[in-house]
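Chain by chain, the residues:
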Amino acid sequence: MTGKATTPSATSSARRSRKPFDFNPVWGLLAVLIVGIVFMNPGFIEPTGYMNFLKRAAPLAILAAGQVFVIVSGGFDLSVGSLISLVVVGASMLTNNDPAATYWVIPLMLAMGLGIGAINGMVVCFLRVPSLIATLGMMITLNGVAFMWSGGAPRGYLPDSFRFFGRELIRDVPLVRFIPISVIVLVVIGGLLAWAMHRTNLGRLLHAIGDNPLAARLGGVPVNRVRIAAFMISGLSAAVAGILLGGFAGVSTDVGTGYELQAITAAVLGGAQLLGGRGSVPAAIGGALALTAIFTLLNFLGLPQPVRQVVQGLILIAAVALAMHRRTRTGT
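Remember, predicted model here, so these are calculated numbers, not experimental data. (Residues numbered from 1 in each chain as written. Predicted model: local features only at pLDDT ≥ 70, side-chain atom pairs only at ≥ 80, totals over all residues. Heavy atoms only, no water.)

## Describing the overall build of the chain
A count of helices and strands for the chain gives 14 helices and 2 strands. For the C-alpha atoms alone, the extent of the chain along its principal axes is close to 55 × 45 × 40 Å. Per-residue burial over the chain gives 54% buried out of 332 residues. In the chain, the share of contacts with a sequence separation of at least 24, taken over all contacts with a separation of at least 6, comes to 80%. Accessible area of the chain: about 14500 Å², with a carbon and sulfur share of 68%. When the 23 basic and 10 acidic side-chain charges of the chain are each reduced to a single mean position, those positions are 15 Å apart. (Helix = DSSP H or I, 4+ residues; strand = E, 2+ residues; numbered from the N terminus. Buried < 20%, exposed > 50% of the residue type's maximum accessible area, 1.4 Å probe, protein only. Contact = heavy atoms within 4.5 Å. Areas by Shrake-Rupley, 256 points an atom, 1.4 Å probe, with all protein chains shown as cover. Lys, Arg positive; Asp, Glu negative; His and termini not counted. Charge placed at Lys NZ, Arg CZ, Asp CG, Glu CD.)

## Considering the environment of Gly 247
Mapping Gly 247 onto the fold places it in helix α11 (residues 223–249). The exposure class assigned to Gly 247 is buried, which follows from its relative accessible area of 0%. Each C-alpha atom of the pair Gly 247 and Gly 270 lies 27 Å from the other, and the pair is 23 residues apart in sequence. Setting aside its immediate chain neighbours within four residues, Gly 247 contacts Arg 163, Gly 166 and Arg 167.

## Observations regarding the pairing of strand β2 (residues 177–180)
Where a strand is regular, its side chains alternate between the two sheet faces. In terms of strand pairing, strand β1 (residues 169–173) meets β2 through 4 bridges, oriented antiparallel. Looking across to β2, one finds that Ile 170 is bridged to Ile 179. Connecting β1 to the antiparallel partner β2 that follows it, the hairpin turn spans 3 residues, and Leu 175 within it adopts a positive phi of roughly 75 degrees. (Pairing = 2+ DSSP bridges.)

## A closer look at the nonpolar core
Among the nonpolar cores identified, the biggest contains 90 residues, and Leu 63, Val 68, Phe 69, Ile 84, Leu 206 and Val 281 are the most heavily contacted of them. With 14 residues, the single largest contributor to this core is helix α3 (residues 47–72). (Core = buried A, V, L, I, M, F, W, Y, C linked by side-chain atoms within 4.5 Å.)

## Overview of the pattern of salt bridges
Opposite charge on two side chains permits pairing when their charged atoms draw close. Per the counting criterion, the structure on display carries 1 salt bridge. Linking Asp 160 and Arg 167 is a salt bridge whose minimum nitrogen-to-oxygen distance equals 2.4 Å. Residue Arg 167 is classed as partly exposed on the basis of its relative accessible area of 30%. (Salt bridge = Lys/Arg side-chain N within 4 Å of Asp/Glu carboxyl O.)

## Regarding helix α9 (residues 201–211)
α9 sits mainly inside the fold: 9 of its 11 residues count as buried. Those residues of α9 that sit buried are Asn 201, Leu 202, Gly 203, Leu 205, Leu 206, His 207, Ala 208, Ile 209 and Gly 210.

## Digging into a nonpolar patch on the surface
Together, Phe 39, Met 40, Phe 300, Leu 301 and Leu 303 line one region of the surface with nonpolar side chains, adding up to about 520 Å² of accessible area. Within the secondary structure layout, Phe 300 lies in helix α13 (residues 281–300). (Patch = residues over 30% accessible without salt bridge, like charges linked within 9 Å, V, L, I, M, F, W, Y side chains within 5 Å.)

## Concerning the side chain of Asn 120
On the secondary structure map, Asn 120 appears in helix α5 (residues 102–126). Residues in contact with Asn 120, not counting those within four places in the same chain, are Asp 77, Ser 79, Ala 134, Thr 135, Met 138 and Phe 231.

## Considering the packing of helix α4 (residues 80–95) against helix α6 (residues 131–150)
Running from N to C, α4 and α6 cross one another at 20 degrees; their axes reach a closest spacing of 9 Å. With respect to each other, α4 and α6 are oriented roughly parallel. The handedness of the crossing between α4 and α6 is left-handed. For the pair α4 and α6, the contacting residues are Ser 82, Leu 83, Leu 86, Val 89, Gly 90, Met 93 and Leu 94 in the first and Met 139, Leu 142, Asn 143, Val 145, Ala 146, Trp 149 and Ser 150 in the second. (Axes fitted to C-alpha atoms, helices over the stretch in contact; angles between N-to-C directions. Parallel < 35°, antiparallel > 145°, perpendicular 65-115°, else oblique. Left-handed = near helix turned anticlockwise from the far one by under 90°.)

## Considering the packing of aromatic side chains
For any pair of aromatic rings, geometry is given as the distance between the ring centres together with the angle between the planes. Summed over the entire model, instances satisfying the criterion amount to 2 aromatic pairs. Judged by centre distance (5.6 Å) and plane angle (75 degrees), the ring pair of Phe 44 and Phe 53 falls under edge-to-face. Here Phe 44 and Phe 53 have matching classes, each one buried. When the ring of Phe 164 is compared with that of Phe 165, the centres are 5.3 Å apart and the planes differ by 85 degrees; the resulting orientation is edge-to-face. On the accessibility criterion, Phe 165 (30% relative accessible area) is partly exposed. (Phe/Tyr/Trp six-rings, centres within 6.5 Å; stacked < 30°, edge-to-face > 60°.)

## Considerations on the environment of Ala 118
If you trace the backbone, Ala 118 turns up in helix α5. Using a relative accessible area of 14% as the deciding quantity, one classes Ala 118 as buried. Remark: the alpha-carbon pair of Ala 118 and Val 176, spanning 58 residues in sequence, is separated by 40 Å. In contact with Ala 118, other than residues within four places in its own chain, are Ile 228 and Met 232.

## Details of the packing of helix α8 (residues 181–198) against α13
Between α8 and α13, whose axes approach to 8 Å, the crossing angle comes to 140 degrees. Overall, the two elements α8 and α13 adopt an arrangement that is oblique. The segment α8 lies against α13, with Leu 186, Gly 190, Leu 193, Ala 194, Met 197 and His 198 engaging Val 281, Pro 282 and Ile 285. A class-by-class count of the residues in the contact of α8 with α13 yields 7 nonpolar, 2 polar and no charged. (Nonpolar A, V, L, I, M, F, W, Y, C, P; charged D, E, K, R; others polar.)

Scope: geometric values only; no functional claims are made or implied.
And the structure:
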């Protein structure tokens, strides 16, 4: 990515892309939620409590970190939940209970995530299909592929070598006693995505495109290549999330259901603007942690699943309304 946008809006976008660690209100919200969890369950302050919390949040956090690349560029990726399900189903069918198959199945699943992301990006860029419609169509397609592949009831199971990343622990760690492998994966993937968004030309170009695609194109930005790259990153993050979820949730044709909206909600909760041009990978991860904390509190209160969906919807509406109000008031 060598093109450079020279417009004032692109310059301001580049400045924003270099400031991922400015204080974001999502961290204050997360702190309040953690206090609430500790109040209701004092055992949360023990390593078993907060490490299991991070383990549960890791797939969504990685998914949100990838989703924010598409959102910053001015798009959506609704296919990631179905892609998660396809990764889990496909891995169970391909490994066929053979632990040795893990070592070629995982790279294949990651390549599939990249490939589906590339297809999404090309449909959006070259066929001029709005990302909402393109990825909705891909979501339906992937659900159908997963159902046909498995016959509606996945056979076999994921071997321990595959489930290692989602459920295994590193034990006897000083201070915290143990660290889930999934948390290490989150730190590594989150760090790489934060670097790509906030310390490379790719992130600057994504912000420029989200601010003003026409100005970015006139300024020499390779808009199509950058957008396709954003969808590929989103697809790759979904494949990683699928591998983690397969590790501790098992095999199911609907394991990824709802994760696409949760990822968007987490990104918006972290301050990403759905019109594009603004977003932070660390804040999206913070949004995922906050959303997981909200769900944890709701579970402690004994509220049913439908209430969780209502709360998630209200959070998304409120976060978008607040972001739009701020954008209207400040003009940024």
